[in-house]
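# Breakdown of the fold
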Amino acid sequence: MSRLFIALLCLKLFASVSAGSPAAHPPPPPPPSPDKCAALKTQLRLENTTILAATHVAAGTNVTTPGSCQSIAFSTVAVCRVQAVVNTTATSAVHFEAWLPDVWFGRFLGLGNGGLGGCIDYVNLDYGTTLHFASVGSDNGHDGSDGHQFLNSPEIINDFAFRAVHVEAVLGKQIVDAYYGTPHRKSYYLGCSTGGRQGTQAALLFPEDFDGIVGGSPATDFNSLSGQQAILGRFVGAPSHTTDAFIPATLWPVISKEILRQCDGLDGLMDGIITDPDQCTFRPEALLCSASTKNTSECATAPQVAALRNIYQPIFGTQGQLLYTRYDPAAESAGNFINMFSGDIFSIAKNWFAFAIFNDTAHSFDNFGVADIELANAINPGGITTFNGDLSAFMKRGGKFLTYHGRQDQLISSDNSLRYYNHISSTLSLPNLDDFYRLFLIPGMDHCSGGPGAWAFGQGGSASNVVNATSHNILLAMVDWVEKGEAPDEMIGSVPGGDRRKRGRIAGIRRGAFCMGRTLYVRCECISTMGVFTFINIVVGSHGVSCRGT
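Quantified by volume, the largest pocket comes out at close to 670 Å³. Lining the largest pocket are 35 residues, with Asn 113, Gly 114, Gly 115, Cys 192 and Ser 193 positioned closest to its centre. For the lining of the largest pocket, the secondary structure elements donating two or more residues are helix H3 (122–130), strand E8 (186–192) and helix H6 (222–235). When grouped by side-chain class, the residues that make up the lining of the largest pocket number 17 nonpolar, 17 polar and 1 charged.

On to helix H4 (residues 154–180), then. Here H4 contains 27 residues, and its C-alpha end-to-end distance of 37 Å stays within 8% of the 39 Å for a straight helix at 1.5 Å per residue. In the structure, H4 departs most strongly from a straight axis at Arg 163, where the bend amounts to approximately 65 degrees. The buried fraction of H4 amounts to 19 of the 27 residues, a majority that puts the element mostly inside the structure.

Across the sheet, which stays open at both edges, the 9 strands sit in the order E1-E4-E5-E7-E6-E8-E9-E12-E13 with mixed pairing between neighbours. Strand pairing shows two members of the sheet lacking a second neighbour, strand E1 (49–57) and strand E13 (437–442), which therefore form its edges. Taken pair by pair, the neighbouring strands of this sheet meet at an average axis angle of 15 degrees, ignoring direction. Two elements, E1 and strand E4 (residues 79–89), share 8 bridges in a ladder whose sense is antiparallel. Each bridged residue has a counterpart across the sheet, and for Val 57 the counterpart in E4 is Val 79. The strands touched by helix H12 (residues 415–428) within the sheet are strand E12 (400–406) and E13, with E13 carrying the most contacts at an inclination of about 160 degrees.

The next thing to look at is the pairing of E4. E4 sits mainly inside the fold: 9 of its 11 residues count as buried. As paired strands, E4 and strand E5 (residues 92–101) are joined by 10 bridges and run antiparallel to one another. Looking at the pairing, Cys 80 lines up with Leu 100 of E5. Between E4 and E5, which follow one another and run antiparallel, lie 2 residues.

Take empty space enclosed by the protein next. One pass over the structure, following the stated rule, counts 4 cavities of 30 Å³ or more. For the second largest cavity, the calculated volume is near 50 Å³. What lines the second largest cavity is simply Asn 140, Phe 160, Ala 161, Phe 162, Arg 163, Val 165, His 166, Arg 197, Gln 198, Gln 201, Ala 202 and Phe 206. At the level of secondary structure, the elements contributing two or more residues to the lining of the second largest cavity comprise H4 and helix H5 (194–205). Here the element with the most residues in the lining of the second largest cavity is H4; it accounts for 6 residues. Among the residues forming the lining of the second largest cavity, the class breakdown is 6 nonpolar, 4 polar and 2 charged.

Overall, the coordinates contain 5 disulfides when judged by the stated rule. Each sulfur of the disulfide joining Cys 69 and Cys 119 lies 2.0 Å from the other. Disulfide Cys 69-Cys 119: the torsion about the S-S bond is -75 degrees, which places it as left-handed. Residue Cys 69 is located in the loop between strand E2 (61–64) and strand E3 (72–75), and its partner Cys 119 is located in the loop between strand E6 (107–111) and H3; the two are separated by 50 residues in the primary sequence. The disulfide partner of Cys 263 is Cys 280, and the gap between their sulfur atoms is 2.1 Å. Between Cys 263 and Cys 280, the S-S dihedral sits near 70 degrees, and the bridge is therefore right-handed. Of this pair, Cys 263 sits in helix H7 (residues 252–263) while Cys 280 sits in the loop between H7 and helix H8 (302–311), and the two are 17 residues apart along the sequence. Note on Cys 263: relative accessible area 3%, which makes it buried.

Moving on, we get to the packing of aromatic side chains. Following the criterion strictly, the structure yields 23 aromatic pairs and no others. Look at Tyr 404 and Phe 457: their rings are 5.0 Å apart centre to centre, the planes differ by 85 degrees, and that puts the pair in the edge-to-face class. With Tyr 404 in strand E12 and Phe 457 in the loop between E13 and helix H13 (474–484), this residue pair connects regions lying 53 residues apart in the sequence. Of the two residues, Tyr 404 and Phe 457, both sit in the buried class. Clustering of aromatic rings is evident, with ring pairs tying together Trp 252, Phe 282, Tyr 312, Tyr 327 and Phe 341.

What counts, and where the lines are drawn
Residues numbered from 1 in each chain as written. Predicted model: local features only at pLDDT ≥ 70, side-chain atom pairs only at ≥ 80, totals over all residues. Heavy atoms only, no water. 1 Å grid on protein atoms, 1.4 Å probe; cavity = no way out; pocket = protein on both sides within 12 Å on 5 of 7 lines; lining within 4 Å. Points joined across faces, edges and corners; volume = space filled by probe spheres on them. Helix = DSSP H or I, 4+ residues; strand = E, 2+ residues; numbered from the N terminus. Nonpolar A, V, L, I, M, F, W, Y, C, P; charged D, E, K, R; others polar. Expected span 1.5 Å × (residues − 1). Bend = angle between axes of the 7 residues up to and from the residue. Buried < 20%, exposed > 50% of the residue type's maximum accessible area, 1.4 Å probe, protein only. Pairing = 2+ DSSP bridges. Axes fitted to C-alpha atoms, helices over the stretch in contact; angles between N-to-C directions. Contact = heavy atoms within 4.5 Å. Disulfide = S-S within 2.5 Å. Phe/Tyr/Trp six-rings, centres within 6.5 Å; stacked < 30°, edge-to-face > 60°.

This is how it looks when you write it as structure tokens:
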């Protein structure tokens, strides 16, 4: 077949994909007047809630923001911005904002947080409203991101662990319905990392809150995850790096190069991406310095090799039980991974254990180990673990859940999402969860976004919405699943910003596809100056599928 014929054929295919549109919706009602927005402050009464401000914001406007996380936020479209605070108990409160777009399609969108999250997600408040969702986000019950407010404050921990998202859903819907004068039709949720855990917790504890949940890279099994992050630091000598096992930042690129040398080709293509890390058995001994080694900056000492062997193994407890899955090979090549191996305890883990588990701001991590993880799981503040496999209530009421995880996530092991999927399957005695829960594994994606893979698929922020179509946008795909019954068997990811990559014989912008383990229907696209080409070399892993140019 000639290259020109392939180009024309695939151009037609791509045109049909790009012409896709968000799920069908009725004509939007006329936007309420700015006066109706302002009136919410004085006329709307909500339980234990004070509306602090209600202001109509013109499209393309920067607005000032409260709290310590940021000072300004941008609103792409015209919205009614409602700022409120609800007293959840006598000793705790949740601040939240509702952004209500002038052009509304009848959908509600709740948002999550990140890390030890006390920051309203203004990026996705803006993103949600550009897609015509009435969007609500909270500060998760405290201001800032270091979690010091958790110290001796169980109700603030409860807000963080489970209550804040429920509150924003209940009160947010009341605000939305009052402002537009008509009830919302469907409710959705969008979050990643801590936000992925919050979405999971919402499905477990409050299955009526959301019809569809998109929860990515979820920080489930939270106490064990935080403990694993601390122990990874201990392997290289944290909280001080005086040990011989410490690995300096300059050596990590050498380690990444060796991991790729050993495992990159397992999927049939040497392209800097390990499609399925589960197939990679990294042997750090290959890096061991020998007596004749002249350039010791390109090799590892015996203590460093031992540390690497520990890093890429699961964490087991005092009785031999699995506490947490291993660190993914190639995750060390991504972004802020070095925070985990800096010689200090990773900040999220350090603050969670100091402020929420030990209630001791001066707690020493010199002897931190698996017994401390077991203690955290026994205490389980606020029920934060979020690893119950019983999603039956959410399933039975017709809820839908889409989750995803980058296979080189530098903060949360992607294997943990596989582990939770299997746990749900076992708990519900369902070998196939496709009717309500689907997991997408993305080769080459970092934590929530970024990386060398095709990582942008509408999962958060306008930058991720490269192609505004259900085939390329997981939030819009969720709308189709909830409202049309059309579940996504695949998602097409993109590399934003015109990043040109060489794949096979054609240099172009790579769009890869990724999908659930059992689903083998995959499309790969590469845009070049010569047109759009579809490649047929498909690499299938045990839990994921990736596309490669030929």
